[in-house]
Amino acid sequence: MRIDILTVLPELLNGPFSASILKRAQDKGLVEIHLHNIRDYSTDRHNNVDDYQYGGGAGMVMSIEPIVTLIEKLKTERSYDEVIYLTPDGEMLEQKACNELSLKNNLMMLCGHYKGIDERIREHFITKEVSIGSYVLSGGELAAAVLSDAIIRLLPGVLNNETSALTDSFQDNLLSPPVYTRPPEFRGWKVPEVLLSGNFPKIEKWREEQALERTKSRRPDLLDE
Ligand code: ADE
């Protein structure tokens, strides 16, 4: 998989991709991340990438020209399965969309800033709009990092067996059951007996019950789906 991220703040994205699982996925050649600075495509003599909004009002809008120049350049080099715009008014991100996106080859992600991007970019180039929650971030970069992480960890070979994504919360519309490790007792707080029993069918049953209990109490909406 290849992910191209279009941003005015590439330095904000170096961190999330240079450690742990996301770094290993790149080192293993399972994903390529390419960061593009939109400012490099500005034709303005001050290298501006934003402008006042028509009709007046507070807040700048990201200009159409540099973004379209960059999108079109990338599209001549390969075809993209989705051109994603990260925006608080996009479709709320859920595991299902991450699963679907993890099957694609080429994804483009556009990070917005200020009041957003010129609407004509959305109309003519964006194929999918994603929000990571009902709150406003200062830009789409952290949202692009969240989306990339949620996708990349699903790529075959990224996680090993112990961390397999198949047992993650949400994969079966259930939250994960509680987990414990050594010691079996700490300050008198005991690990549930069943987990120490070695009786695997019983352990499996306990985990299923706990997952269901947890989902009922914390996210009953998942059970309605
Ligand atoms: N950009 C700003 N806020 C955002 C959000 N909640 N989700 C996605 N992109 C954003």
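Only a predicted model underlies this, so the values are computations on that prediction, with no experimental measurement involved. (Residues numbered from 1 in each chain as written. Predicted model: local features only at pLDDT ≥ 70, side-chain atom pairs only at ≥ 80, totals over all residues. Heavy atoms only, no water.)

### Focus: the overall build of the protein chain
Point 1. If you tally the helices and strands in the protein chain, you get 9 helices and 9 strands.
Point 2. Rg of the C-alpha trace for the protein chain: 22 Å, well past the compact-globule value of 17 Å for 225 residues, more than 25% over.
Point 3. Overall, the C-alpha framework of the protein chain stretches about 70 × 40 × 35 Å when taken along its three principal axes.
Point 4. The buried share among the 225 residues of the protein chain stands at 39%.
Point 5. When contacts within the protein chain are restricted to residue pairs at least 6 apart in sequence, long-range pairs at least 24 apart make up 76% of them. (Helix = DSSP H or I, 4+ residues; strand = E, 2+ residues; numbered from the N terminus. Rg over C-alpha atoms; globule rule 2.2 N^0.38 Å. Buried < 20%, exposed > 50% of the residue type's maximum accessible area, 1.4 Å probe, protein only. Contact = heavy atoms within 4.5 Å.)

### Describing the domain arrangement of the protein chain
Point 1. Parsing the protein chain into structural domains produces domain 1 (2–152) and domain 2 (169–224).
Point 2. The C-alpha-based centres of domain 1 and domain 2 are spaced at 37 Å. (Domains from an automatic or database assignment.)

### Let's talk about helix α6 (residues 141–152)
Point 1. Over its 12 residues, α6 runs 16 Å from end to end, which matches the ideal 16 Å to within 8%, given 1.5 Å per residue.
Point 2. Among the 12 residues of α6, 9 are classified as buried, and the element is accordingly described as predominantly covered.
Point 3. Inspection of α6 places E141, A143, A144, A145, L147, S148, A150, I151 and I152 among the buried residues, and these make up the whole buried set. (Expected span 1.5 Å × (residues − 1).)

### Quick notes on the packing of aromatic side chains
Point 1. Taken as a whole, this structure holds 1 aromatic pair when the rule is applied.
Point 2. Both rings, one in F186 and one in W189, keep their centres 5.8 Å apart while their planes meet at 55°; by these two values the pair is tilted. (Phe/Tyr/Trp six-rings, centres within 6.5 Å; stacked < 30°, edge-to-face > 60°.)

### Section: unusual backbone geometry
Point 1. Residues R182 and P183 are joined by a peptide bond in cis, for which omega reads 5°.
Point 2. Of note, P183 is situated in the loop between α6 and β8 (185–186).
Point 3. Phi angles above zero are rare outside glycine, and S20 is one such case at about 55°.
Point 4. For S20, the location among the structural elements is in helix α2 (residues 20–27).
Point 5. Its relative accessible area of 52% is what places S20 among the exposed residues.

### With respect to a nonpolar patch on the surface
Point 1. A grouping of L12, Y135, L137 and L142 is seen on the molecular surface, where their side chains present a nonpolar patch of about 350 Å² in accessible area.
Point 2. Structurally, L12 is set in helix α1 (residues 11–14). (Patch = residues over 30% accessible without salt bridge, like charges linked within 9 Å, V, L, I, M, F, W, Y side chains within 5 Å. Areas by Shrake-Rupley, 256 points an atom, 1.4 Å probe, with all protein chains shown as cover. Salt bridge = Lys/Arg side-chain N within 4 Å of Asp/Glu carboxyl O.)

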